[in-house]
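Here are the chains, one letter per residue:
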Amino acid sequence: MDIIVQKFGGSSVADAKKLGNVAGRVIDAYNEGQSVVVVVSAQGDTTDDLLEKAAEVNPSASKREMDVLLSTGEQISMSLLAMTIEKLGYPVVSLTGWQAGIVTNSKYGKARIKSINVERIIKELDSKRIVIVAGFQGLNKYDDITTLGRGGSDTTAVALAAGLHAKACEIYTDVDGVYTADPRIVKNAKKLNDISYDEMLELASLGANVLQNRSVEMASKYNVKLEVKSSFEKVPGTLIKGVSKVEKMLVRGVTKDDNVVLLSLVNIENTPGKAFKIFSMLAKENINVDVILQSIGRGDTKDITFTIDESNAVTAVKVLNDNLSMLGAQSIECARNISKVSVVGAGMASNPGVASLMFEALYDVGININMISTSEIKISVLIDQKDSEKAVRAIHDKFNLA
Ligand code: ADP
Ligand code: ASP
Ligand code: MG
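Remember, predicted model here, so these are calculated numbers, not experimental data.

1. Digging into the overall build of the protein
Within the protein, the regular secondary structure consists of twelve helices and 18 strands. A compact globule built from 402 residues should have a C-alpha radius of gyration of about 21 Å, and the protein, at 23 Å, falls within 12% of that. Across the 402 residues of the protein, 51% fall into the buried class. When contacts within the protein are restricted to residue pairs at least 6 apart in sequence, long-range pairs at least 24 apart make up 74% of them. Accessible area of the protein: about 18,600 Å², with a carbon and sulfur share of 49%. The protein carries 46 positive and 49 negative side-chain charges, and their two centres are separated by 2 Å.

Structure follows, in structure tokens:
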């Protein structure tokens, strides 16, 4: 059986007309003789609207109840798409994440898929039905609903493609591929024909939300043939694959992340074990720490500054504040008006000069750099958030990515 997984994002299923367009795409694949599994996101801004509704009744609702609520968005889309296809006379069935056999761990709000029991889907495909699955959701060991984190329908699609040994996983969205920068920010950004898993994983993790980073991680692990394409135009998209062909381009893309918060612990005692205490406390709360800088403070003290995702800021500040005296720190400072701007490219590992070119681009437009971090295939800088789009454009120009 030739199985194909197609995923349609929120803007692609936003209204009846768009659902009709998606149904057409799905039916085309079905008529070609393929077994089609479709993953859908919630319509348009539904997930954001649900978050607002929750905040109206209880701003500190439990994560369990939040997941019960958020999972409903995808269930609306799956049934409406099934009805649309039904009306066109094709056999179809819609399934929630749990009906589709998706089992996750128990981290409400950012659960990870642990296993998939594909029996039900296979049974439906054997009966020649088109199968529509609600993205972004699963069930944990307590039989509670979980969601997979923002953008999580991408990961549902890749996980199903892996579990079903599908021949391809197509991510349909409102752009026609992965670009050298967000085409909404950089007008002359260029579409990439292909990109390696490693580079795409960095781009996605550093703010290019065209794919959820976990979906790329999973595609790489299970060697899923992943393609980003347009829902609306029939043009070739971007293939994400093992190793992209050796490119002359040092840099594949520029991206920014505005959801970064900078925390500083000021005037910590300069004794061994302080960094260990701080970061193990955060790890216990499941908080990822990114760029870390330790610097000399006043007298015999030091400052430790680091970044975390905005969604973790409230918890992090609380935990650290509760333990300030134990950490021997004077105060904690929190800056929210910053962004992380990054360049990514496998080619930079063996080529010096990428960092200086990036810094020159920022100097040219008068943008000050607060912190810098590098790895083999990326360089990130922290800058004022008001400059982030200007920075992306300046760097994109400097590296001639257009
Ligand atoms: P969907 O609802 O289909 O999941 P998303 O909004 O999650 O769509 O992702 C698509 C968006 O990702 C595009 O509209 C685009 O603005 C943004 N984006 C950010 N960086 C890139 C990039 N490098 N290439 C393409 N799109 C990007
Ligand atoms: N609806 C969810 C979100 O808005 C999941 C997704 O779209 O992939 O994040
Ligand atoms: Mg998305």
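2. Focus on the site of ligand 2
Taken together, the neighbourhood of ligand 2 is formed by S41, A42, T47, E74, F136, R150, G151, G152 and S153. One of the side-chain N or O atoms of T47 is found 2.8 Å from a nitrogen atom in ligand 2. The separation between a nitrogen atom of ligand 2 and a polar side-chain atom of E74 is 2.7 Å. Across the complex, the protein chains shield 87% of the 260 Å² of accessible surface that ligand 2 would expose by itself. A per-class count over the shell around ligand 2 returns two nonpolar, five polar and two charged.

3. Some details on the layout of surface pockets
For the second largest pocket, the calculated volume is near 320 Å³. Within the residue set of the lining of the second largest pocket, elements represented by two or more residues are β5 (113-116), α5 (153-163) and α7 (213-221). Split into classes, the residues belonging to the lining of the second largest pocket amount to eight nonpolar, three polar and five charged.

4. As for the sheet that holds strand β9 (residues 168-173)
Taken in spatial order, the eight strands of this open sheet run β3-β6-β2-β1-β9-β11-β12-β10, and their pairing is mixed. Two strands bound the open sheet, and with one partner strand each, they are β3 (92-95) and β10 (194-196). Pairs of neighbouring strands in the sheet enclose a mean axial angle of 20°, with direction left out of account. Relative to strand β6 (residues 130-134), β3 runs parallel, the two being bridged by four bridges. Residue V92 lies in a different strand from β6, and its bridge partner there is I130. Seen against the sheet, helix α3 (residues 63-87) touches β2 (35-40), β3 and β6 and runs at an angle of roughly 160° to β6.

5. Concerning the sheet that holds strand β17 (residues 371-375)
Consider a sheet: its strands pair through backbone hydrogen bonds, and that pairing is either parallel or antiparallel. Taken together, six strands build an open sheet; the order of strands is β14-β15-β13-β16-β18-β17 and the sheet is antiparallel. Where the open sheet ends on each side, the last strands, each with one partner, are β14 (292-296) and β17. With strand direction ignored, the average angle separating the axes of adjacent strands in the sheet is 30°. Pairing geometry for strand β16 (residues 331-344) and strand β18 (residues 378-384), over seven bridges, is antiparallel. Bridge pairing in β18 places I338 opposite D384.

6. Section: the environment of S325
Among the structural elements, S325 can be located in helix α10 (residues 324-327). Given a relative accessible area of 68%, S325 falls into the exposed group. A C-alpha to C-alpha distance of 46 Å links S325 and R184, two positions 141 residues apart in sequence.

7. Quick notes on the nonpolar core
It is characteristic of soluble globular proteins that their nonpolar side chains tend to be buried jointly. Ranked by size, the top nonpolar core spans 44 residues in total, and within it V37, I121, C169 and M200 carry the most contacts. Counting residues per element, this core draws most heavily on α5, which supplies six residues. Those residues within four positions of M200 in sequence are excluded, and the remaining contacts are V178, I195, V210, L211, V216 and I240. Membership of the second largest hydrophobic core comes to 23 residues, among which are I185, V251, M358 and V381.

8. A short note on the packing of aromatic side chains
For the structure shown, the criterion picks out three aromatic pairs. When the centroid spacing of 4.8 Å and the interplanar angle of 10° are considered together, the rings of F8 and Y172 count as stacked. Here F8, found in strand β1 (residues 3-8), pairs with Y172, found in strand β9; they are 164 residues apart in sequence, far enough to count as distant. Each member of the pair, F8 as well as Y172, carries the same accessibility label: buried. Between the aromatic rings of Y30 and Y90, the centroid separation amounts to 5.9 Å while the plane-to-plane angle is 90°, which identifies the pairing as edge-to-face. You can see Y30 sitting in helix α1 (residues 16-31) and its partner Y90 sitting in the loop between α3 and β3, a full 60 residues away along the chain. When its relative accessible area of 25% is taken as the criterion, Y90 is described as partly exposed.

9. A short note on the pattern of salt bridges
Applying the stated criterion to the full structure yields 22 salt bridges. Across the pair E124 and R129 runs a salt bridge whose closest N-O atoms are separated by 2.5 Å. Accessibility expressed as a relative area gives 5% for E124, which makes it buried. Put simply, K318 and D322 hold a salt bridge, and the shortest N to O gap is 2.9 Å. Taken together, the positions of K318 and D322, both in helix α9 (residues 313-322) and four residues apart, correspond to about one turn of that helix. For the pair shown, K318 and D322 are each scored as exposed. Among the ionic contacts, a cluster of salt bridges with common partners joins R64, E65 and D144.

Parameters and conventions
Residues numbered from 1 in each chain as written. Chains lettered and ligands numbered in written order. Predicted model: local features only at pLDDT ≥ 70, side-chain atom pairs only at ≥ 80, totals over all residues. Heavy atoms only, no water. Helix = DSSP H or I, 4+ residues; strand = E, 2+ residues; numbered from the N terminus. Rg over C-alpha atoms; globule rule 2.2 N^0.38 Å. Buried < 20%, exposed > 50% of the residue type's maximum accessible area, 1.4 Å probe, protein only. Contact = heavy atoms within 4.5 Å. Areas by Shrake-Rupley, 256 points an atom, 1.4 Å probe, with all protein chains shown as cover. Lys, Arg positive; Asp, Glu negative; His and termini not counted. Charge placed at Lys NZ, Arg CZ, Asp CG, Glu CD. Near = heavy atom within 4 Å. Polar contact = N/O pair within 3.5 Å; in protein donor to acceptor, adjacent residues only side chain to side chain. Nonpolar A, V, L, I, M, F, W, Y, C, P; charged D, E, K, R; others polar. 1 Å grid on protein atoms, 1.4 Å probe; cavity = no way out; pocket = protein on both sides within 12 Å on 5 of 7 lines; lining within 4 Å. Points joined across faces, edges and corners; volume = space filled by probe spheres on them. Pairing = 2+ DSSP bridges. Axes fitted to C-alpha atoms, helices over the stretch in contact; angles between N-to-C directions. Core = buried A, V, L, I, M, F, W, Y, C linked by side-chain atoms within 4.5 Å. Phe/Tyr/Trp six-rings, centres within 6.5 Å; stacked < 30°, edge-to-face > 60°. Salt bridge = Lys/Arg side-chain N within 4 Å of Asp/Glu carboxyl O.

Without other data, these values stay purely geometric and don't point to any function.
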